[in-house]
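# Observations on chain architecture
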Amino acid sequence: MSHATRRRIGWTVAGTLLLFLAVLLSLALGSRHIPPSEVFDALLHGGNSANAQVVRALRVPRTVIGVLVGLALAVAGVVMQAITRNPIAEPGVLGVSQGAALGVVCAIAFLGVHTPSGYVWFAFAGAGLAAVAAYVVAGRGRDGASPVRLALAGAAMNAFIASVVSAIVTTDARALDEFRFWDVGSIGGRDGEVVTQTWPFVLVGLVLVAVMARGLDALALGDDVARGLGHRVALVRAVGALAATVLTGAAVAVAGPIAFTGLAVPHIARALVGADHRWVLALSALLGPTVILVSDVLGRVVFAPSEVPVAVMTALLGVPFLVALVRRKATVPA
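Every value quoted in this text rests on a predicted model; they were computed, and no experiment measured them. (Residues numbered from 1 in each chain as written. Predicted model: local features only at pLDDT ≥ 70, side-chain atom pairs only at ≥ 80, totals over all residues. Heavy atoms only, no water.)

### A closer look at the environment of V301
When you line up the elements, V301 lands in helix α12 (residues 277-301). Taking C-alpha positions, V301 is 49 Å from H231, a pair spaced 70 residues apart along the chain. For V301, the residues in contact, after removing those within four places along its chain, are L29, G30 and H33. (Helix = DSSP H or I, 4+ residues; strand = E, 2+ residues; numbered from the N terminus. Contact = heavy atoms within 4.5 Å.)

Laid out in C-alpha cells, this is it:
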C-alpha cells in the first residue's frame, strides 16, 4: 500500500470519527445540555423523561437534516467544481438556490403554503426548472454546454431569478415576513416529515455521482483528453449537472440557502487527500455534515438561549478558513 493511499485512508477514518463526534454534540448540546449517557439511553432504550423527549422529538430530526444537507451540499460542490473546472464554483452556480427561493416565494404569496414541509416540493420544483433553463441556455450553439458557458448561463439565471424574487417580496409584506425565515438558512424547526420527503432525492443524487465519478478525473484533464480516454464528455457533464441539481435542490428545499459549505469543503478535502475525485467525494461526504452540525451547535450554544441560524455560522467560520487555505496555497485544482 502506497504512502498516498495510507494517508487518504487515515483522513477518511479521521473524517468518520469527526462526523460521529459532531452527531453526538448535536444530540447533546443546546439550550438544554444532556449528558452523552442519557443521549444513548434515549436512543437505545426510549424513556419518557424530559431529556429523552428532547433528544428523540427535536434533536434527532434536526441532526438527521443536518447530515443530509451537509452531505448533499458538499458532494454537489465537488461535482460543480469538476464539471465547470472552476475552483470557486458552488452548488448554486446553475441558479439552483435562487430557483428554490422563487418556488418558496410563489408558494407563500400565491398558493397559501406556510409550513417547511409544504415548501419542500415547490422549492425543489423551482430549483429543477432553474437548472434546466440554465443548461438549455448554455447548451445552445456549436460548442454545447462548455464550462464557461455553464458558469455564464448560471450567473445570468441567478440574477434574473433574484430580481423576480425581489419583485414579489417587495410588493407582498406577508410573503416577505415568511420568506425571510426560510431564506436565512436553518436546520431548526423542521420535523421528520421533511426528512421523509427529501432523503430519496439525496439518494438518487448520490447514485448519479457514483455512476460518473471516474469521469470527473478525466474532465479535470480537459475535454480533449477526456474524449481520448473514452469518456463521453457531454454525457458526463450532463449527468454531473443533474446530480448536483438534485442534491442542491434537496438541501436548499429543506434548509434554505446555506453558503460556503459546498464551496469550502471540497477544497479542504482536496488539500487532505489530493485530486482523485473518488477520495475527494468520500471525504467531502463526511466533512460536509460535520461542518453543518458543528456550525449549528455553535449557533445554539454561543448565543444561548437565542439561536443563530446555521447559514450565518457557516459563513462566519467558513470565510476565514477558506482565506487561510488560499494564503497557504493548500488548495488543489478541481
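### Topic: helix α3 (residues 50-84)
Here α3 contains 35 residues, and its C-alpha end-to-end distance of 50 Å stays within 8% of the 51 Å for a straight helix at 1.5 Å per residue. Residue R59 marks the point of greatest curvature in α3, where the axis turns by about 40°; the proline P61 follows within four residues. Taking burial as the measure, the 35 residues of α3 include 27 buried ones, the bulk of the element. At the C-terminal side of α3, R85 shows a positive phi close to 50°. (Expected span 1.5 Å × (residues − 1). Bend = angle between axes of the 7 residues up to and from the residue. Buried < 20%, exposed > 50% of the residue type's maximum accessible area, 1.4 Å probe, protein only.)

### A short note on unusual backbone geometry
Glycine aside, the phi torsion of most residues is negative, and most peptide linkages are trans. One non-glycine residue, R85, lies in positive phi territory at about 50°. With respect to the secondary-structure elements, R85 resides in the loop between α3 and α4 (96-111). One non-glycine residue, F260, lies in the positive phi region at around 75°. Locating F260 in the fold gives a position in the loop between α10 (233-255) and α11 (261-273). Accessibility expressed as a relative area gives 28% for F260, which makes it partly exposed.

### Quick look at a nonpolar patch on the surface
Residues M1, I9, V13 and L17 make up a contiguous nonpolar surface patch of roughly 410 Å² in combined accessible area. Assessed through its relative accessible area of 55%, L17 is described here as exposed. (Patch = residues over 30% accessible without salt bridge, like charges linked within 9 Å, V, L, I, M, F, W, Y side chains within 5 Å. Areas by Shrake-Rupley, 256 points an atom, 1.4 Å probe, with all protein chains shown as cover. Salt bridge = Lys/Arg side-chain N within 4 Å of Asp/Glu carboxyl O.)

### Regarding helix α6 (residues 147-171)
Across its 25 residues, α6 extends 37 Å between first and last C-alpha, which sits within 8% of the 36 Å expected from 1.5 Å per residue. Within α6 the residues assigned to the buried category are P147, L150, A153, G154, M157, I161, V165, I168 and V169. At its buried positions, α6 is contacted by α3, α4, α5 (116-139), α7 (173-183) and α10.

### Description of the pattern of salt bridges
Across all of its chains, the model carries six salt bridges by this definition. Of the charged contacts, one joins D296 and R62 as a salt bridge, the two residues approaching to 2.9 Å between their closest N and O atoms. Of the two residues, D296 sits in helix α12 while R62 sits in helix α3, which places them 234 residues apart along the sequence. Judged on exposure class, the residue D296 and its partner R62 are both buried. Between R278 and D276 there is a salt bridge; the shortest N-O distance is 3.5 Å.

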